[in-house]
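Spelled out from the first residue to the last, the chains are:
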Amino acid sequence: ENVIVPNLGNMYHVARKKIPYYDDETKETVKPTSNNGIKLESFIFDVFPLSKSMAVLDVARSEEFAPVKNPPGTDSDSPDTARRLFSDVAKEWVKRAGATLTGDVDSDLCEVGPMTSYNGEGLEGMRGTTVDC
């Protein structure tokens, strides 16, 4: 079945941003302190009206949602914060299964692979073991 797509131009959101630019006189990149440009953004929820059916899940953000929209080294929504969240969830699963974490337990490099467990289930065999972080 052919579906006519609505005017997608209405699906952009204007975000005012500080956009670095090159100053030809000083021969340097200038990082503005106030917004000097706009960015057109679209979000996943913008396509919901195009769907024949959809569902929304209500989940604990700390366990299920780690957006990555900022560069590494940023305090929020960065690869670093997503890795930290993923690692913290894995550590909780391992502890709940009865294992003991050793080594650098504050690191963000603990992982339970998706082929091992999807949501912390099936880790009973870890009871009484130690997991080195």
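Everything below is about the structure shown above.
Because the structure is a prediction, the values reported are computed rather than measured.

Reading the values: the criteria
- Residues numbered from 1 in each chain as written.
- Predicted model: local features only at pLDDT ≥ 70, side-chain atom pairs only at ≥ 80, totals over all residues.
- Heavy atoms only, no water.
- Helix = DSSP H or I, 4+ residues; strand = E, 2+ residues; numbered from the N terminus.
- Rg over C-alpha atoms; globule rule 2.2 N^0.38 Å.
- Buried < 20%, exposed > 50% of the residue type's maximum accessible area, 1.4 Å probe, protein only.
- Contact = heavy atoms within 4.5 Å.
- Areas by Shrake-Rupley, 256 points an atom, 1.4 Å probe, with all protein chains shown as cover.
- Lys, Arg positive; Asp, Glu negative; His and termini not counted.
- Charge placed at Lys NZ, Arg CZ, Asp CG, Glu CD.
- Salt bridge = Lys/Arg side-chain N within 4 Å of Asp/Glu carboxyl O.
- Core = buried A, V, L, I, M, F, W, Y, C linked by side-chain atoms within 4.5 Å.
- Disulfide = S-S within 2.5 Å.

**What to know about the overall build of the protein**
Thinking step 1. Looking only at helices and strands, one finds two helices and six strands in the protein.
Thinking step 2. Each helix and strand of the protein, placed in order from N terminus to C terminus, yields the pattern β-β-β-β-α-α-β-β.
Thinking step 3. A compact globule built from 133 residues should have a C-alpha radius of gyration of about 14 Å, whereas the protein, at 22 Å, is more than 25% larger.
Thinking step 4. Expressed along its principal axes, the backbone C-alpha trace of the protein runs to roughly 65 × 55 × 20 Å.
Thinking step 5. Across the 133 residues that make up the protein, the buried fraction comes to 18%.
Thinking step 6. Residue pairs at least 24 apart in sequence account for 46% of intrachain contacts in the protein once pairs closer than 6 positions are excluded.
Thinking step 7. Accessible surface, the protein as shown: approximately 10,500 Å² in total, 53% of it carbon and sulfur.
Thinking step 8. Considering the protein, the positive charge centre built from 15 side chains and the negative charge centre built from 22 side chains are found 3 Å apart.

**Focus on the environment of Gly-113**
Thinking step 1. Mapped onto the elements of the fold, Gly-113 is located in the loop between β5 (100–102) and β6 (130–132).
Thinking step 2. The exposure class of Gly-113 is partly exposed, given its relative accessible area of 22%.
Thinking step 3. Once the C-alpha coordinates of Gly-113 and Pro-71 are considered, the two residues, 42 residues apart in sequence, prove to be 25 Å apart.

**Here's the deal with the pattern of salt bridges**
Thinking step 1. Per the stated rule, a full pass over the model turns up nine salt bridges.
Thinking step 2. A salt bridge links Glu-41 to Lys-39, with the nearest nitrogen and oxygen atoms 3.6 Å apart.
Thinking step 3. Since its relative accessible area comes to 18%, Glu-41 is described here as buried.
Thinking step 4. By relative accessible area, which is 42% here, Lys-39 ends up partly exposed.
Thinking step 5. The closest approach of N and O atoms between Arg-96 and Glu-92, which form a salt bridge, is 4.0 Å. In this pair, Arg-96 and Glu-92 are both assigned in helix α2 (residues 79–96), four residues apart and thus about one turn of the helix distant.
Thinking step 6. A single network of salt bridges, built from pairs that share partners, joins Lys-17, Lys-39 and Glu-41.

**So, the environment of Cys-133**
Thinking step 1. Mapping Cys-133 onto the fold places it in the segment after β6.
Thinking step 2. C-alpha separation for the pair Cys-133 and Ile-19, spaced 114 residues apart in sequence, amounts to 39 Å.
Thinking step 3. Beyond its immediate stretch of four places on either side in the chain, Cys-133 contacts Leu-101, Thr-102, Gly-103, Asp-104, Val-105, Ser-107 and Cys-110.

**Observations regarding the nonpolar core**
Thinking step 1. Within the largest apolar cluster, eleven residues are counted, these being Val-89, Ala-90, Trp-93, Val-94, Ala-97, Ala-99, Leu-101, Cys-110, Val-112, Leu-123 and Val-131.
Thinking step 2. No other element matches α2, which puts four residues into this core.
Thinking step 3. If we ignore the near neighbours within four places in the chain, the residues touching Trp-93 are Val-112, Ser-117, Tyr-118, Asn-119, Gly-120 and Leu-123.

**Side note on the state of the cysteines**
Note on terminology: disulfide describes a covalent bond linking the sulfur atoms of two cysteines.
Thinking step 1. Scanning all chains against the criterion turns up zero disulfides.
Thinking step 2. Just so you know, Cys-110 is unpaired, no disulfide at all, and the nearest cysteine sulfur is the one on Cys-133, 4.5 Å from it.
Thinking step 3. The class for Cys-110 is buried, based on a relative accessible area of 7%.
Thinking step 4. Residue classification places Cys-133 among the partly exposed residues on the basis of a relative accessible area of 22%.

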